[in-house]
Amino acid sequence: MNGLKNISINKKNNILLKGLAGAAVLFLFIFVLNFFNAQIKNSFYFLSYPVQKVFFAAGETASGYLKPVFNVGNLAKENENLKRENEKLLFQISLLQAIEKGNRALIDMSLQSQNRDFTTVMAEIYGLDGKDALSINKGSADGILEGMPVINQQGVLFGKTFEVYKNFSKVVLISNKNSVISVKVQQSAADLSALEIDGVVKGNGGLEVYLDLVPVDEQINEGDVLVTSVLEGVFPKDLLVGKITKKEKNDQKPFQQAHVEPFFSLDNTNNLFVITNYKR
Amino acid sequence: MWFKYLIIILLLYFFALLQNSFFAHFNLFGAVPNLVFVFFFLLVFFEKPDKNLRVIFYAIIAGLFLDVFSCAYLGASIILLIIIGFLIKKIQSLLKEKKDKHPFVYFLSLFLILLVIYDLLMPHLDMSFGIYFFGRMIYSLLFATAGFHVCKKIVKKDNVI
């Protein structure tokens, strides 16, 4: 009887020992993996990039074919073109408004910095890595560091780099829940005498953003355009962020919020520009 | 036999690439389906009950691909998937059905619960219930449902995947 009991205990001990040994090997394996985290990830991206690029392009083509089916006719493409054109015009308007406010010298500097002095690195998008983060095909070997602003050719802010590997980087979009950026509200009405209103745009996840921390006594309107401000020092000023679609004002709260339609879009966007020399 | 494992590795890699690139253009509220998790879940769900080593193998490969293509530390998904894999087998052994070894209702509820657990425990950039979270759940659930019916047909033929 005692012999049977001993065998049973030994068997249990063996299982426990095997389990512990397995767990130890696993943790060692994970430790080694993380020791070479950057190299492993970079190698994977490097190997996968050609295939991912093909899949990304295939997805774009497929969505291009499918969207008109759902949106009746060719509305999707037409809408995209109009959106781009609108972005360009809004960008020009935002600059013109500032000029009208008598800040010509400052704006000239801004224009210079935006049009000439910025050194940008063009990067190709090849993946959306969940949680509002993009993958681009440029990394530290191209001069990219963490925290650099990422825009498109129309001056629309996408976000900033946050994980940089040798040949690849991840860009955290402004819609990420951890993203908070200082903005100023450009009034859509031709009220050029109005003072600029400051606020912050916070990421809401799911490619959505909202405007917050606008004093309740300030007048904001639907259609007002939001551009980056220099207060935060992370992004250059006057980059396009989004447009107010619905405001939420409650007199009992010190600040008002607003729904914002971000200008950045992944549809038909293949290339982005990383500003590599913006001085904070 | 090794050929089967090679195919599983290639399929997991293929799904990882697909969810990170192709589905970027088909996102639902910014979310893409977690195809790697779906495939891992199907593999474990339809695996024989006593094949613990296989569960660990699936978890390591699937977890590695999930971590490589995400912002997480390498190994976070591996550990979570091993735990989830053994949870699936344990729950399945407790919920034995004589008529149907793999009932759809078990599959669906188990899948949803464990995907929620996985998503909430993963050290992502943010972890909260939001439209993105529900988009990801619904999207993954759709693929899991389709995958379940495909696997069930294969299992009927071969008894196991």
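Residues numbered from 1 in each chain as written. Chains lettered and ligands numbered in written order. Predicted model: local features only at pLDDT ≥ 70, side-chain atom pairs only at ≥ 80, totals over all residues. Heavy atoms only, no water.

Some words on the side chain of Asp67(B)
As for its placement among the helices and strands, Asp67(B) is situated in helix 3 (residues 52-68). Comment: no salt bridge for buried Asp67(B); closest opposite-charge side chain is Lys41(A), at 7.1 Å. In contact with Asp67(B), other than residues within four places in its own chain, are Lys41(A), Ala72(B), Tyr73(B), Leu74(B), Gly75(B), Ala76(B), Ser77(B), Ile78(B) and Met122(B). (Helix = DSSP H or I, 4+ residues; strand = E, 2+ residues; numbered from the N terminus. Buried < 20%, exposed > 50% of the residue type's maximum accessible area, 1.4 Å probe, protein only. Lys, Arg positive; Asp, Glu negative; His and termini not counted. Salt bridge = Lys/Arg side-chain N within 4 Å of Asp/Glu carboxyl O. Contact = heavy atoms within 4.5 Å.)

Concerning the UniProt feature "transmembrane region" (unreviewed entry) in chain B
Residue and element names in this part refer to chain B. Residues given the UniProt feature "transmembrane region" (unreviewed entry) here are residues 6-23, 28-46, 58-83, 104-125 and 131-151. For the annotated span residues 6-23, helix accounts for 83% and strand for 0% of the residues, and the straight-line distance between the end C-alpha atoms is 24 Å. Split by type, residues 28-46 is 58% helix and 0% strand. Its first and last C-alpha atoms lie 28 Å apart. (UniProt positions renumbered as here; feature names shortened; annotations may be inferred.)

Some points on the side chain of Ser265(A)
Summarising the element assignment, Ser265(A) is placed in the loop between strand 11 (255-262) and strand 12 (271-275). Excluding anything up to four places from it in sequence, Ser265(A) contacts Glu80(A), Lys83(A) and Phe158(A).

Details of the packing of aromatic side chains
For any pair of aromatic rings, geometry is given as the distance between the ring centres together with the angle between the planes. All names here are of chain A. Counted according to the given criterion, the structure contains 40 aromatic pairs over all chains. Where tyrosine 49 meets tyrosine 126, the ring centres are 5.3 Å apart and the plane angle is 85°; that geometry is what we call edge-to-face. Residue tyrosine 49 is located in helix 2 (residues 37-71), and its partner tyrosine 126 is located in strand 1 (residues 120-128); the two are separated by 77 residues in the primary sequence. Overall, tyrosine 49 belongs to the buried group, its relative accessible area being 15%. (Phe/Tyr/Trp six-rings, centres within 6.5 Å; stacked < 30°, edge-to-face > 60°.)

Quick notes on the packing of helix 2 (residues 35-45) of chain B against helix 5 (residues 104-121) of chain B
Residues and elements named next belong to chain B. Close contact between helix 2 and helix 5 brings their axes to 11 Å; oriented N to C, the two are set at 130°. Relative to helix 5, helix 2 is oriented oblique. Helix 2 and helix 5 meet at a crossing whose hand is right-handed. Between helix 2 and helix 5, the residues in contact are Phe37, Val38, Phe41, Leu42 and Phe45 and Phe107, Leu110, Phe111, Leu114, Leu115 and Tyr118, respectively. Residues that form the contact of helix 2 with helix 5 fall into these classes: 11 nonpolar, no polar and no charged. (Axes fitted to C-alpha atoms, helices over the stretch in contact; angles between N-to-C directions. Parallel < 35°, antiparallel > 145°, perpendicular 65-115°, else oblique. Left-handed = near helix turned anticlockwise from the far one by under 90°. Nonpolar A, V, L, I, M, F, W, Y, C, P; charged D, E, K, R; others polar.)

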